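# A closer look at the structure
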Amino acid sequence: MSTEHRFGFVTLLGRPNIGKSTLLNRLVGKKISITSHRPQTTRHRLLGIRNDKDRQIVFVDTPGMHAVDKKAQRKRINQVINKTAINSLEGVDLVVFMIGADGWREKDDVPYRAIKEAKIPVIVVLNKLDKLNSKNDVLPIIEHINERVDSLAVVPISALKGDNVEYLLDVITEQLPLERPGFDKDQITDRSMQFLVTELVREQLFRLLGEELPYATAVELQRMERLEDRMHIGADIWVDRDNHKGIVIGKQGEKLKKIGSGARKQINQLLGEKVHLELFVKVRKGWSDSQRDLSLLGYDEGF
Ligand SMILES: Nc1nc2c(ncn2[C@@H]2O[C@H](COP(=O)(O)OP(=O)(O)OP(=O)(O)O)[C@@H](O)[C@H]2O)c(=O)[nH]1
Ligand SMILES: [Mg+2]
């Protein structure tokens, strides 16, 4: 192993929906974190490991940090989500603070406060550069951010299209210590296939269900086993109320079929083989406020 090898931990932090998980997948080169057009898609801390010959960078995806109003605060899951994000700043070498390429929003104050308190070196990433009419529009924004945030660099990118992501990787690498890899070089995440499978089902719920319903759902894996030549997967979709069940299933089961086929495609890709997937909808009242249920779903690790 060359002595020039760099290794370190880098947390991705920012408000919900800014593109943290999209960037994580882009950096790792494989889809391991779910994404959707809705805020608060990510609920767990998840590691994505970028491996190259002379560097290993462990990226930490986090739930979007947000101000929780009094009503939402009552739900234990909302407290857990923000806390998970804050805890992900502990012991890392660097934080990538993500904001929009169109400039600072009030909502960026919440993650920024946590970053300042943590006293970790910061790189600011201005994401969704592709949404600007002209890339030059980002120049005054960079200037503004430079005045506002004490950071090592401000890097505009498009996580979705991949623009400038290789450059970002180089800027990050320079800041990491000269150290040998901390993980096997073929490892890309700390999460099990079982976990990733349940997340891919949850991704479809976030993409296909309307309004508040995705926030009232969770997914629990029931089985994942090879029978003859096929991987058979069974999972329960938890809903909070009786009337949610019918909505998730849809008229003549149409909605659930769509959720199932969307998830199956993604799982096929993840596992590199065709799987058999069965989904059941179960009413589990009050799960998002129950310590026991949240623990079962793994939402309280890292406390
Ligand atoms: N146009 C454009 N859209 C993007 C870009 N990056 C992410 N998105 C979109 O923004 C939405 C949110 O992306 P996510 O990666 O799920 O955002 P997140 O920050 O992980 O969100 P939470 O997990 O809810 O905190 C998705 O619809 C993405 O496709 C980008 O560079 N350009
Ligand atoms: Mg996310």
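Refer to the structure presented above.
A few points on the structure. (Residues numbered from 1 in each chain as written. Chains lettered and ligands numbered in written order. Predicted model: local features only at pLDDT ≥ 70, side-chain atom pairs only at ≥ 80, totals over all residues.)

### Remarks on the site of ligand 1
- Around ligand 1 sit 24 residues, and of these Gly-19, Thr-35, Thr-42, Gly-64 and Leu-160 come closest.
- In terms of residue count, the dominant contributor to the shell around ligand 1 is helix H1 (residues 20–28) (3 residues). (Near = placed C-beta within 6 Å. Helix = DSSP H or I, 4+ residues; strand = E, 2+ residues; numbered from the N terminus.)

### Topic: the sheet that holds strand E2 (residues 46–52)
- Strand order in the open sheet made by the 6 strands is E2-E3-E1-E4-E5-E6, with mixed pairing throughout. Either end of the sheet is taken by a strand with one partner, and the two such strands are E2 and strand E6 (153–156). The average angle at which neighbouring strand axes cross in this sheet is 25°, direction not considered.
- As defined by bridge partners, strand E5 (residues 122–127) adjoins E6 across 4 bridges and the pair is classed as parallel. (Pairing = 2+ DSSP bridges. Axes fitted to C-alpha atoms, helices over the stretch in contact; angles between N-to-C directions.)

### Thoughts on the environment of Gln-56
- Along the chain, the position of Gln-56 falls in strand E3 (residues 55–61).
- The exposure class assigned to Gln-56 is buried, which follows from the 22 C-beta atoms found within 10 Å.
- When the C-alpha positions of Gln-56 and Lys-128 are compared, they lie 26 Å apart, and in sequence the two are 72 residues distant. (Buried ≥ 20, exposed ≤ 12 C-beta atoms within 10 Å, placed from the backbone.)

### Thoughts on the nonpolar core
- Leu-12, Phe-59, Val-96, Phe-97, Val-124, Val-125 and Ile-237 are the most contacted members of the largest nonpolar core, which totals 65 residues.
- Formed jointly, this core draws a minimum of three residues from each of two domains, domain 1 (6–174) and domain 2 (193–296).
- With near-sequence residues (within four places) excluded, Leu-12 lies in contact with Lys-20, Leu-23, Leu-24, Phe-59, Val-60, Asp-61, Thr-62, Val-96 and Met-98. (Core = buried A, V, L, I, M, F, W, Y, C linked by C-beta atoms within 7 Å. Domains from an automatic or database assignment. Contact = placed C-beta atoms within 7 Å.)

### Topic: H1
- Burial within H1 is extensive, with 8 of its 9 residues counted as buried.
- Contacts from the buried residues of H1 go to strand E1 (6–14), E2, E3, strand E4 (94–100), E5 and helix H6 (165–174).

### Looking at the sheet that holds strand E7 (residues 218–227)
- Pairing within the open sheet is mixed, and its 3 strands lie in the order E7-E8-E9. With partners counted over all chains shown, the strands left at the sheet margins are E7 and strand E9 (275–283), one partner each. The sheet shows a mean angle of 15° between the axes of neighbouring strands, taken without regard to direction.
- The pairing of strand E8 (residues 230–239) with E9 spans 9 bridges and is classified as parallel. When the bridges of E9 are listed, Trp-238 appears paired with Lys-282.
- Sheet strands in contact with helix H7 (residues 193–208) are E7, E8 and E9, and its direction is about 130° off that of E7.
- Helix H9 (residues 254–271) rests against E8 and E9 of the sheet, and its axis sits at about 135° to E9.

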